[in-house]
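Each chain, written out:
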Amino acid sequence: MTVTRERALDRDRLRRIGEREEAAYRARTPRSAALLERARRAMPLGVASSFQTYDPYPLFMADAHGSRITDVDGNEYVDFDMAFGVLAAGHSHPAVAAALQRRAPNGTCYTFPVEDSIALAEEIKLRFGADLVRFSNSGTEATMDAIRVARGYTGREKVLKFEGGYHGHHDDVLVSIQPPREAMGEPDAPNSVPASAGIPLSRLAETVVAPFNQPDALEAILETHRDQVAAILIEPVQFNIGVVPPLPGYLERVRELATEHGAVLIFDEVKTGVVLAYGGAYEYFGVKPDLFCLAKSIGGGVPIGAFGGRAEVMRVIETLDGSPGAARAGGAFGTGTEATTIPGGATRVAHLGTFNGNPLSMAAGLATLTEVLTRDAYPELHRLAERLTSGCQAILDEFGLPGYAINVGPKGCVMFTPERVTSYRDFIGLDSELWTAFFFYLVNRGILLPPGPDDQWTLSVQHTEADVDRHIETFASFAKELSS
Ligand SMILES: Cc1ncc(COP(=O)(O)O)c(C=O)c1O
């Protein structure tokens, strides 16, 4: 295909296409619009999570199988959103559905341990080279728990995260996710900017923010907070500002700096884990953190979270001083059993949760990892992802659109900005008008992407080459109309 130089966009045409496509969306989806009206009378913004809403209104979904999802108006889509990347197994994979069907009639919650939790922990240990694993119910809980473990282990309080990184909705990490320009501060020493009302300023002081992909800035920031940083929490690929991979050698340097500064390195593998590779980003990049967090894809679609890593760090859930015999003493909190410097006498890090290790989640997780996302699933996932990326890139080149296509493993997107994005500050330059017209054009033709330029497509083992080609062809017709 001939490569054309990037052309100036015809903004009037783009606006007309955008308006027409939004009108078509409204015409195709009246039941979703009506349901949102009703939902708003029962739930703020009409949704259960504020991530689920977008303008003019979200699609309400009714059914999903394999790579397809159907809305309440009966429109079917090839799903490239896959529930924000949860479904590398695809919708209702038969193995996952069968595991749930076997389990559900036999009790859905015990709050006593089940054997499946051991098998699932063993499977995760194997994939991630970990010594110990614990379960939770979401990515939010996994990062929250891993941070507490890191604090208990180091006796320090600060957490370092990266600008543009999302790690869930607890106070420590709901900071500098997509901060507004006027608040974000210097590029090499960003401010800690709350991403929500309701976050106490006292918490904010414990969260230090660094720019992604800039090792020298990280080194300087760690120096400023020497001996205070309990954990460096990082998404190995920044998957909440499109797709921003680490520059060569960057994760290795982060690893070195964490070790030098005595901080626990936590990989947030909620999006990367068991998706990029069998052993997640750990295997894909060959860099080993002290702890890692998992959620989304490990459950094949049920609520689940996990974190794990080095025994020495994880053992603080048993006892802070490493004495194995203390495990049974003092109940969940380990209080009052021996002298400790912790106010209140805690001798261990509390990791709790009624639904942790829930039998349904454990059964679904085990089926997902041992029957679906097995080692031999990854080559085909990668092949299809490369096909989708190179197909989209060829279109961008042919029509001279400002942007580039990128994937890391089975996750990718078109970044509508001509320059490579290496950190959040570059991401702010994305052409949101172009992205919005693109999103509605595709959705109206049966290609469902995540409803925001900060997310990306995820391929599942149930996507086919025909699905991918349809995505490429639809993008081509959009680009053609925009450029003609
Ligand atoms: C990298 C990352 N970490 C953590 C989370 C939080 O996970 P959950 O929504 O399951 O709480 C997300 C959610 O999108 C995420 O992308």
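One can find the structure itself at the top, above this paragraph.
Residues numbered from 1 in each chain as written. Predicted model: local features only at pLDDT ≥ 70, side-chain atom pairs only at ≥ 80, totals over all residues. Heavy atoms only, no water.

Asks: Describe the sheet that holds strand S13 (residues 404–408), naming the residues involved and giving the relevant values.
Replies: The strands making up a sheet associate through backbone hydrogen bonding, with each pair oriented either parallel or antiparallel. Overall, antiparallel pairing links the three strands, which are arranged S13-S14-S16 in an open sheet. The open sheet has two edge strands, S13 and strand S16 (457–458), and neither has a second partner. Pairing of S13 with strand S14 (residues 411–415), which is carried by five bridges, proceeds in the antiparallel orientation. Across the sheet, residue Asn 407 finds its bridge partner in S14, namely Gly 412. (Pairing = 2+ DSSP bridges. Helix = DSSP H or I, 4+ residues; strand = E, 2+ residues; numbered from the N terminus.)

Asks: How would you sum up the site of the ligand? Please name residues and give values.
Replies: Every residue close to the ligand is listed here: Ser 138, Gly 139, Thr 140, Tyr 166, His 167, Gly 168, Glu 235, Asn 240, Asp 268, Val 270, Lys 271 and Lys 296. Note that an oxygen atom of the ligand is positioned 2.5 Å from one of the side-chain N or O atoms of Thr 140. Starting from 390 Å² of accessible surface for the ligand in isolation, the protein chains cover 86%. Split into classes, the residues belonging to the shell around the ligand amount to two nonpolar, six polar and four charged. (Near = heavy atom within 4 Å. Polar contact = N/O pair within 3.5 Å; in protein donor to acceptor, adjacent residues only side chain to side chain. Areas by Shrake-Rupley, 256 points an atom, 1.4 Å probe, with all protein chains shown as cover. Nonpolar A, V, L, I, M, F, W, Y, C, P; charged D, E, K, R; others polar.)

Asks: Lay out unusual backbone geometry in plain terms, naming residues and giving numbers.
Replies: The residue after Asp 55, namely Pro 56, is reached through a cis peptide bond having omega 0°. Here Pro 56 lies in the loop between helix H2 (30–40) and strand S1 (61–65). In the Ramachandran plot, Met 82 falls in the positive-phi region, its phi being about 50° despite a non-glycine side chain. Turning to its location among the elements, Met 82 is positioned in helix H3 (residues 82–85).

Asks: Would you mind going over the layout of surface pockets in detail, with residue names and values included?
Replies: The calculated volume of the second largest pocket comes to roughly 580 Å³. Surrounding the second largest pocket, 23 residues form its lining, Pro 113, Ser 117, Arg 134, Asn 356 and Gly 357 being those nearest its centre. Among the elements of the structure, helix H5 (115–128) and strand S4 (132–136) are those that each provide at least two residues to the lining of the second largest pocket. Looking at the lining of the second largest pocket residue by residue, the classes come out as twelve nonpolar, eight polar and three charged. (1 Å grid on protein atoms, 1.4 Å probe; cavity = no way out; pocket = protein on both sides within 12 Å on 5 of 7 lines; lining within 4 Å. Points joined across faces, edges and corners; volume = space filled by probe spheres on them.)

Asks: Residue-level account of the sheet that holds strand S15 (residues 447–448), with values.
Replies: Reading across the sheet, the four strands line up as S1-S2-S3-S15 and stay open at both edges, with mixed pairing between neighbours. Bordering the open sheet on either side are S1 and S15, each of which pairs with just one other strand. Sheet analysis places S1 next to strand S2 (residues 68–71), joined by four bridges and oriented antiparallel. Each residue of the ladder has a partner; that of His 65, found in S2, is Arg 68.

Asks: Talk me through the pairing of S2; I want residue IDs and the actual numbers.
Replies: Between S1 and S2, which pair antiparallel one after the other, the connecting turn spans two residues, and Gly 66 there sits at a positive phi close to 60°. Pairing analysis gives three bridges linking S2 to strand S3 (residues 76–79), with the strands arranged antiparallel. In the strand pairing of S3, Arg 68 is matched with Val 78. Between S2 and S3, which pair antiparallel in sequence order, lie four residues; one of them, Gly 74, sits at a positive phi of approximately 85°.

Asks: Explain the nonpolar core to me, and be specific about the residues and the numbers.
Replies: Among the nonpolar cores identified, the biggest contains 111 residues, and Ile 124, Leu 160, Ile 232 and Phe 475 are the most heavily contacted of them. Other than its neighbours up to four places away in sequence, Phe 475 contacts Cys 392, Ile 395, Leu 396, Leu 401, Val 414, Phe 416, Phe 438 and Leu 442. Listed in part, the 21 residues of the second largest apolar core include Ala 146, Val 159, Ala 231 and Met 314. (Core = buried A, V, L, I, M, F, W, Y, C linked by side-chain atoms within 4.5 Å. Buried < 20%, exposed > 50% of the residue type's maximum accessible area, 1.4 Å probe, protein only. Contact = heavy atoms within 4.5 Å.)

Asks: Can you explain the side chain of Asp 467? Please cite residues and give values.
Replies: Among the secondary structure elements, Asp 467 is positioned in helix H16 (residues 465–483). By relative accessible area, which is 2% here, Asp 467 ends up buried. A polar contact of 2.9 Å, which involves the side chain of Asp 467, links it to the side chain of Ser 67.

Asks: So what's going on with the packing of helix H1 (residues 11–28) against H16? Residues and values would help.
Replies: With their axes 9 Å apart at the nearest point, H1 and H16 run at an angle of 135° to one another. One finds that H1 runs oblique with respect to H16. For the pair H1 and H16, contact is made by Arg 13, Leu 14, Ile 17 and Arg 20 and by Phe 478, Glu 481, Leu 482 and Ser 483, respectively. Taken together, the residues of the contact of H1 with H16 sort by class into four nonpolar, one polar and three charged. (Axes fitted to C-alpha atoms, helices over the stretch in contact; angles between N-to-C directions. Parallel < 35°, antiparallel > 145°, perpendicular 65-115°, else oblique.)

Asks: Quick one: what's the story with the environment of Gly 334, residue by residue and with numbers?
Replies: Its location among the elements puts Gly 334 in the loop between helix H11 (311–314) and helix H12 (359–372). With a relative accessible area of 0%, Gly 334 lands in the buried category. In sequence terms Gly 334 and Leu 320 are 14 residues apart; their C-alpha atoms lie 9.7 Å from each other.

Asks: Talk me through empty space enclosed by the protein; I want residue IDs and the actual numbers.
Replies: Space left empty within the atom packing is revealed by a probe, the size of a water molecule, rolled over the atoms. Under the counting rule described, the total for this entry stands at two cavities of 30 Å³ or more. Volume-wise, the largest cavity comes out at about 110 Å³. If you trace the largest cavity, you find 13 residues lining it, with Cys 413, Val 414, Trp 435, Phe 438 and Leu 449 closest to the centre. Those elements that provide at least two residues to the lining of the largest cavity are S14 and helix H15 (432–443). Taken together, the residues of the lining of the largest cavity break down into nine nonpolar, three polar and one charged. Empty space within the second largest cavity amounts to approximately 50 Å³. Forming the boundary of the second largest cavity are Phe 128, Gly 129, Ala 130, Lys 288, Pro 289, Asp 290, Leu 291, Phe 292, Gly 309 and Arg 310. Here the lining of the second largest cavity is composed, by residue class, of five nonpolar, two polar and three charged.

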